[in-house]
Amino acid sequence: DGGITQSPKYLFRKEGQNVTLSCEQNLNHDAMYWYRQDPGQGLRLIYYSQIVNDFQKGDIAEGYSVSREKKESFPLTVTSAQKNPTAFYLCASSIGENPARETQYFGPGTRLLVL
Amino acid sequence: GQNIDQPTEMTATEGAIVQINCTYQTSGFNGLFWYQQHAGEAPTFLSYNVLDGLEEKGRFSSFLSRSKGYSYLLLKELQMKDSASYLCAVSHASGGSYIPTFGRGTSLIVHP
């Protein structure tokens, strides 16, 4: 079955520590996205990538970094520079031919908690 | 820039009809999506409108008026499982990439 997987489901971070969230898709999609969701805030775009080896900052990229070395994978690193990282992180993908008009398929999410 | 506005919370009775509104102000409009998200889960696609009018899909319908910057999601014959958050997302021109921007979502509570 095709889909998007995210791991881990829950992640704990200590102060000053970098952590990496995994996102893998086997839908053969070109476009991938990372969103952050806080209570009452909806989804906010962190980074997106429309093709391998290229990515763009979203609305709240500060304190985050990404890579897109393979079509299937789009890992997100939450760095120590992100002062308020506790949130629900969602990865999504779409076909990539016209992102404005494409359905996004979401992974199950990773809940990050700061200890 | 853009502004997307949805009610924070709505309640309705099982079997009834509910309309969830979404208003937006944006430049370079290129379509509007509705997603459903159950608590702690991933959003799932419900509908997409780019032209004015009503799109019907079973119990769910979505309406768009581009001139008014307005959309609504209509849910008929409500079921308990429809209790979820409903997210409105607007595609717009942003630095050449039309990435949808999400509203804050409307939490719908369906009670018996």
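Look above for the structure.
Since this is a predicted model, take the numbers as computed values, not measurements.

1. Focus on the environment of Ser49 of chain A
Residues and elements named next belong to chain A. Mapped onto the secondary structure, Ser49 falls in strand β5 (residues 42–51). As a C-alpha pair, Ser49 and Pro99 span 50 residues in sequence and 10 Å in three-dimensional space. The residues contacting Ser49, other than those within four sequence positions of it, are Asp30, Ala31, Met32, Asp54, Phe55, Arg68 and Phe74. Engagement of the side chain of Ser49 in a polar contact is seen with the backbone oxygen of Asp54, the distance being 2.7 Å. Polar side-chain contacts of Ser49 include one of 2.7 Å to the side chain of Arg68.

2. Considering the side chain of His29 of chain A
All names here are of chain A. Here His29 is to be found in the loop between β3 (19–25) and β4 (31–38). By relative accessible area, which is 7% here, His29 ends up buried. Setting aside anything within four residues of it in sequence, one finds His29 in contact with Arg68, Lys71, Ser93, Ser94, Ile95 and Tyr105.

3. What about the nonpolar core?
Among the nonpolar cores identified, the biggest contains 20 residues, and Leu32, Trp34, Leu75, Leu78, Tyr86, Cys88 and Leu108 of chain B are the most heavily contacted of them. When contributions to this core are tallied by element, the ones reaching two or more residues are β3 (18–25), β4 (32–37), β7 (60–65), β8 (70–75), β9 (84–90) and β11 (106–111) of chain B. Among all residues touching Leu108 of chain B, those that are not within four sequence positions of it are Met10, Ala12, Val18, Leu75, Leu78, Asp82, Ser83, Ala84 and Tyr86 of chain B. Core analysis: the next-biggest nonpolar cluster, separate from the first, contains 19 residues, Leu11, Ala61, Tyr89 and Cys91 of chain A among them.

4. A closer look at the interface of chain A and chain B
Counting residues at the interface gives 22 residues for chain A, matched by 20 residues for chain B. When chain A packs against chain B, the two sides together hide about 1,700 Å² of surface, and 55% of this comes from carbon and sulfur. On the chain A side of the interface with chain B, the three residues burying the most area are Leu43, Ala100 and Arg101 of chain A, jointly 31% of the side's total. For the pair chain A and chain B, the interface holds zero salt bridges.

Definitions and limits used
Residues numbered from 1 in each chain as written. Chains lettered and ligands numbered in written order. Predicted model: local features only at pLDDT ≥ 70, side-chain atom pairs only at ≥ 80, totals over all residues. Heavy atoms only, no water. Helix = DSSP H or I, 4+ residues; strand = E, 2+ residues; numbered from the N terminus. Contact = heavy atoms within 4.5 Å. Polar contact = N/O pair within 3.5 Å; in protein donor to acceptor, adjacent residues only side chain to side chain. Buried < 20%, exposed > 50% of the residue type's maximum accessible area, 1.4 Å probe, protein only. Core = buried A, V, L, I, M, F, W, Y, C linked by side-chain atoms within 4.5 Å. Buried area = accessible area lost by both parts, 1.4 Å probe. Salt bridge = Lys/Arg side-chain N within 4 Å of Asp/Glu carboxyl O.

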